[in-house]
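The chain contents come next:
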Amino acid sequence: MEPVIRNIADTALWVAVYRADETDRPDAVFRDPFARRLAADRGQQIVDAMGDGKKNSWSFIARTYLFDAFVMQHVREGFDMVINLASGLDTRPYRLQLPPALRWIDIDLPEMTGYMNDQMQHEKPACKLERIGLDLADRKARQVLFSKLGESGKKVLVVAEGLMGYLDEPDAGTLAYDLSLQPSFERWVLDLMSPGILPLINKEMGSLLEEAGSPLIFAPGEGEDFFRLFKWDPIQSTSKLKTAAELNRLSPELLVYAKQPEPVGPKGSFPWSGVCLFQNRVRK
């Protein structure tokens with residue numbers, strides 16, 4: 001039988017269902033009017049096959065909310081380019097109030113960018129949107145692209161939502177280093193897990209991701225400090241659990257955990273996941 005999640009691209013369909021469900025709520029914290037169409041029947045099938053697949057939707061709602069907030073913060077600060085790594089089914093160029101002069105660069109596998117080009121061909125983005133089909137695992141190709149984008153952007157925000165967890169530490173480090181070489185890439189926002197939460201996540205859905213050949217593995221013991229070696233200094237980290245509590249998206253059981261204090265610095269065995277903002281030490 002075909003696995004529930006066939007490949008890493010299918011995870012984008014699954015997460016789009018959560019965004020669509022949030023959009024349908026009268027108290028939605030964001031609205032993505034394209035999510036249901038992009039998720040298509042396959043996305044709903046994945047969620048349904050997961051059984052209690054919506055139990056942890058709060059994590060993805062909080063993640064989307066936080067990435068939205070970081071993007072809009074940097075737009076207000078005058079950043080002129082957003083580079084969206086492994087962009088998947090992200091529709092922020094269409095659903096956020098972005099300035100027309102902003103350059104937004106989506107980078108993902110050619111089949112994903114092709115799907116988005118087809119599905120969104122009749123929609124008008126708020127800013128200057130460009131999609132680039134590229135396998136980010138091809139280091140030489142991405143270095144050439146980063147250099148080109150680095151020369152054309154003045155103040156660049158790099159976005160990596162839902163990407164880092166699938167990389168091993170050497171690959172995460174080389175990606176961080178390659179990005180740091182472009183001084184105009186001033187900030188980088190990504191989501192991160194602690195070693196303590198990784199077994200819990202894999203217990204919930206690890207077998208499905210293993211079948212797809214895309215297990216979640218990146219949860220560095222140093223936490224945000226992992227990236228200092230590659231010239232990225234952490235400047236802000238926000239817990240998804242606490243954010244979901246503030247958004248009223250947690251069950252009573254999880255709300256108890258959200259009220260617990262979090263360790264300062266690396267989280268170690270403490271179960272934590274969040275969205276982190278970094279500053280490039282080699283910036284102009």
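The coordinates are above.
Residues numbered from 1 in each chain as written. Predicted model: local features only at pLDDT ≥ 70, side-chain atom pairs only at ≥ 80, totals over all residues. Heavy atoms only, no water.

A. Layout of the overall build of the protein chain. Along its length, the protein chain carries 10 helices and seven strands. Relative to the compact-globule value of 19 Å for 284 residues, the protein chain shows a C-alpha radius of gyration of 18 Å, a close match. Counting across all 284 residues of the protein chain, residues that qualify as buried make up 53%. Sequence separation of 24 or more characterises 79% of the internal contacts of the protein chain that already satisfy a separation of 6 or more. Carbon and sulfur atoms provide 53% of the accessible area of the protein chain, an area that totals close to 13000 Å². (Helix = DSSP H or I, 4+ residues; strand = E, 2+ residues; numbered from the N terminus. Rg over C-alpha atoms; globule rule 2.2 N^0.38 Å. Buried < 20%, exposed > 50% of the residue type's maximum accessible area, 1.4 Å probe, protein only. Contact = heavy atoms within 4.5 Å. Areas by Shrake-Rupley, 256 points an atom, 1.4 Å probe, with all protein chains shown as cover.)

B. View of the sheet that holds strand S5 (residues 185-193). Strand order across the open sheet formed by seven strands is S3-S2-S1-S4-S5-S7-S6, with mixed pairing between neighbours. The open sheet is flanked by strand S3 (128-133) and strand S6 (232-239), the only strands paired with a single partner. Adjacent strand axes in the sheet meet at a mean angle of 20° when their direction is disregarded. Direction of pairing for S6 relative to strand S7 (residues 273-280): antiparallel, over a ladder of seven bridges. Note that in S7 the partner of Ser237 across the bridge is Cys276. (Pairing = 2+ DSSP bridges. Axes fitted to C-alpha atoms, helices over the stretch in contact; angles between N-to-C directions.)

C. Inspection of the pairing of S5 at higher detail. Counting buried positions along S5 yields nine of nine residues, so the element is predominantly enclosed. Relative to S5, strand S4 (residues 156-160) is paired through five bridges, and the arrangement is parallel. For Val159, the partnering residue across the bridge sits in S5 and is Val189. At this point the chain moves from S4, through helix H7 (residues 169-180), to the parallel S5, and the crossover so formed is right-handed. Two strands pair when backbone bridges link them, and S5 and S7 are joined in this way by seven bridges, in the antiparallel orientation. What sits directly across from Met193, in S7, is Ser273. (Right-handed = clockwise from strand over helix to strand, strands pointing away.)

D. Layout of the environment of Asp118. Its location among the elements puts Asp118 in helix H5 (residues 110-119). A C-alpha to C-alpha distance of 37 Å links Asp118 and Ala245, two positions 127 residues apart in sequence.

E. Inspection of unusual backbone geometry at higher detail. Backbone geometry places Ala40, a non-glycine residue, at a positive phi of 60°. Relative to the helices and strands, Ala40 is located in helix H2 (residues 35-49). For Ala86, which is not glycine, the phi torsion reads 50° and is therefore positive. Turning to its location among the elements, Ala86 is positioned in the loop between strand S1 (81-85) and helix H4 (92-95).

F. Spatial organisation of the nonpolar core. Ranked by internal contacts, the top residues of the largest apolar core, which has 33 residues, are Leu85, Ile107, Met164, Trp188 and Phe227. Listing elements by their share of this core, those giving two or more residues are S1, strand S2 (103-108), helix H6 (139-152), S4, H7, S5 and S7. Dropping the residues within four chain positions of it, Leu85 is found in contact with Ile107, Leu136, Phe146, Val158, Val159, Ala160, Glu161, Leu163, Leu175 and Leu179. Leu13, Ala16, Ile46 and Met112 belong to the second largest nonpolar core, which has 22 residues in total. (Core = buried A, V, L, I, M, F, W, Y, C linked by side-chain atoms within 4.5 Å.)

G. Focus on the pattern of salt bridges. Scanning the entire structure with this criterion turns up 22 salt bridges. Here Arg281 makes a salt bridge to Asp233, at a shortest N to O gap of 2.9 Å. Placement of Arg281 in the segment after S7 and of Asp233 in strand S6 is noted, with a sequence separation of 48 residues between them. Through salt bridges with shared partners, one network takes in Arg63, Asp68, Asp90, Arg92, Arg95, Glu161 and Asp191. (Salt bridge = Lys/Arg side-chain N within 4 Å of Asp/Glu carboxyl O.)

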